[in-house]
Amino acid sequence: MNECIKYIGLDVHKETIAVSVAPSSTGEVRYWGEIANTPAALDKLVRQLNKDGATLSFCYEAGPCGYELYRYLTDLGWVCVVVAPSLIPKKAGDRVKTDRRDSLSLARLYRAGELTPVCVPDGQQEALRDLTRAREDLKHLQRQAKQRLLAFLLRHGKRYSGKNNWTQAYFRWLETVKFEHPAQQIVMQEYVDTVTSCGKRVASLEQQIEHTAQASQAWPMIEALMALRGVNLLTSVTVVAEIGDLKRFTTAPQLMAYVGLVPSEHSSGANTRRGSITKTGNSHARRVLVEAAWTYRHVARKTAPLQRRAERTPEVVQDIAWCAQKRLCQRYRTLHNKGKLKVQVCTAIARELTGFIWAIGHVLPATKPSAV
């Protein structure tokens with residue numbers, strides 16, 4: 001191993017960065033100090049660490065500060081990895097946590113090769129990810145606004161006699177609702193305006209997602225995944241934006257484990273015990289995959305919208321999508337007839353659907369290099 005490599009562990013915060021250095025493959029890991037989280041302070045740190053001509057290799061945990069530090073250091077020409085916090089080895093009896101200890105631990109484990117890097121998205125993928133997550137946040141706000149409006153109406157005995165809420169007829173009914181006190185009328189109107197405003201913002205973001213996805217290099221992959229049943233534009237964009245290049249997973253089970261859809265296990269000796277799914281990895285991708293799995297409770301058939309989406313993809317993708325539909329629809333009926341809970345069945349279907357997504361990702365030509 002090159003004796004001139006310095007492994008630098010960074011514990012990154014909004015204002016400060018704690019720095020520790022592990023020289024080459026041996027030697028004591030020492031705490032360098034705390035610097036400001038600014039480009040000028042980073043430049044000074046790099047100059048001081050590189051005085052002896054050593055090769056610098058940085059690492060830090062993925063967190064709320066994002067990937068700007070990674071991009072800054074790689075643009076300077078140095079190696080930098082962003083590591084998965086949940087996969088950092090920790091001592092069970094160690095109950096003291098400080099910035100200094102965290103940076104020392106990162107440098108030591110990085111030198112030993114015990115850290116697991118995450119896939120850092122490029123700017124285009126991160127923009128798509130921000131759009132899909134912003135829409136998800138606004139949908140959450142919209143649900144909350146709707147719940148508060150319904151609760152307010154219920155408290156005052158205002159009940160809609162129609163079948164479904166949030167239809168055009170429902171909003172017309174809201175226009176006829178009157179309260180005795182003017183203040184209550186204002187409250188109701190503010191709730192209604194909040195629901196309407198959130199709906200407009202969600203629709204605006206969905207249009208922007210479609211426009212950005214079609215202009216991105218990942219569009220062939222997004223369009224190919226839409227050949228699968230239950231995978232519409234939003235689902236496909238979310239999967240591609242959250243996972244990135246599917247070819248970085250050499251096997252389908254690796255992708256299933258990445259989205260946390262594999263069973264947990266606690267086996268010892270002759271005893272084998274499997275539990276619920278791990279729910280590790282990317283929760284956003286896992287959520288849309290489980291939602292897509294619900295569509296396979298119906299019989300396999302090529303509906304007109306699905307067929308039109310599939311016709312825009314290569315024939316090999318269409319074959320995979322049809323095989324997936326036949327397999328997963330039959331699988332749903334088989335598991336359901338065994339008495340499994342519907343949520344358990346859909347989770348199992350989502351896991352297998354992930355395998356077909358992996359297959360499509362590997363038959364399409366690569367549109368860009370992996371962002372690892």
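Look up a bit, the structure's there.
The rules we used
Residues numbered from 1 in each chain as written. Predicted model: local features only at pLDDT ≥ 70, side-chain atom pairs only at ≥ 80, totals over all residues. Heavy atoms only, no water. Phe/Tyr/Trp six-rings, centres within 6.5 Å; stacked < 30°, edge-to-face > 60°. Helix = DSSP H or I, 4+ residues; strand = E, 2+ residues; numbered from the N terminus. Buried < 20%, exposed > 50% of the residue type's maximum accessible area, 1.4 Å probe, protein only. Lys NZ or Arg CZ within 6 Å of the ring centre and 35° of its normal. Salt bridge = Lys/Arg side-chain N within 4 Å of Asp/Glu carboxyl O. Pairing = 2+ DSSP bridges. Axes fitted to C-alpha atoms, helices over the stretch in contact; angles between N-to-C directions. Polar contact = N/O pair within 3.5 Å; in protein donor to acceptor, adjacent residues only side chain to side chain. Right-handed = clockwise from strand over helix to strand, strands pointing away.

Asker: Sorry if this is basic, but what is going on with the packing of aromatic side chains here?
Answerer: For any two aromatic rings, the description comes down to two numbers: the centre-to-centre distance and the angle of the planes. All told, the structure shown has 10 aromatic pairs when counted by the stated rule. For the ring pair tyrosine 7 and tyrosine 110, a centre distance of 5.5 Å and an interplane angle of 90° mean the geometry is edge-to-face. Within this pair, whereas tyrosine 7 is found in strand E1 (residues 5-12), its partner tyrosine 110 is found in helix H3 (residues 99-112), the two being separated by 103 residues in sequence. Here phenylalanine 152 and phenylalanine 179 contribute two aromatic rings whose centre-to-centre distance is 5.3 Å and whose plane-to-plane angle is 45°, an arrangement assigned as tilted. You can see phenylalanine 152 sitting in helix H4 (residues 123-155) and its partner phenylalanine 179 sitting in the loop between helix H5 (168-176) and helix H6 (182-215), a full 27 residues away along the chain. Accessibility assignment for this pair places phenylalanine 152 and phenylalanine 179 in one class, buried. These aromatic residues form a ring-pair network of at least three members: Tyr160, Trp166, Tyr170, Phe171 and Trp173. Across from the ring centre of tyrosine 258, 5.2 Å away, lies the NZ or CZ of arginine 248, which sits over that ring. For the cation-ring pair, lysine 302 lies above tryptophan 322, with the distance from its terminal atom to the ring centre recorded as 5.0 Å.

Asker: Explain the pattern of salt bridges to me, please; I cannot follow it from the model alone.
Answerer: Pairs may arise between side chains of opposite charge once their charged atoms sit close together. This structure, assessed with the given rule, holds 15 salt bridges. Between glutamate 68 and arginine 71 there is a salt bridge, and its shortest N-O distance comes to 3.2 Å. Placement of the pair is glutamate 68 and arginine 71 together in helix H2 (residues 68-75), with a separation of three residues, close to one helical turn. Among the salt bridges present, the one from glutamate 265 reaches arginine 274, with a minimum N-O distance of 3.8 Å. Assessed through its relative accessible area of 59%, arginine 274 is described here as exposed.

Asker: Looking at this structure, how should I read the sheet that holds strand E4 (residues 55-61)?
Answerer: Hydrogen bonds between backbone atoms are what pair the strands of a sheet, whose relative direction is either parallel or antiparallel. Pairing within the open sheet is mixed, and its five strands lie in the order E3-E2-E1-E4-E5. For this open sheet the edge positions go to strand E3 (30-36) and strand E5 (79-83), each flanked by a neighbour on one side alone. Neighbouring strand axes in the sheet, compared pairwise and without regard to direction, differ in orientation by 25° on average. Pairing analysis gives seven bridges linking E1 to strand E2 (residues 16-23), with the strands arranged antiparallel.

Asker: Whenever I open this one, the environment of threonine 98 confuses me. Can you help?
Answerer: Positionally, threonine 98 belongs in the loop between E5 and H3. Exposure remark for threonine 98: the relative accessible area of 34% places this residue in the partly exposed category. Taking the C-alpha atoms as reference points, threonine 98 and aspartate 11, 87 residues apart in sequence, are found 9.6 Å from one another. A polar contact is formed between the side chain of threonine 98 and the backbone nitrogen of arginine 101, at a distance of 3.1 Å.

Asker: Sorry if this is basic, but what is going on with the pairing of E5 here?
Answerer: Within a regular beta strand, the side chains point alternately toward one face of the sheet and then the other, so they alternate between its two faces. Where E4 meets E5, five bridges bridge the pair, whose relative direction is parallel. Across the sheet, residue phenylalanine 58 finds its bridge partner in E5, namely cysteine 80. Viewed along the sheet, the connection from E4 through H2 into E5 turns out right-handed.

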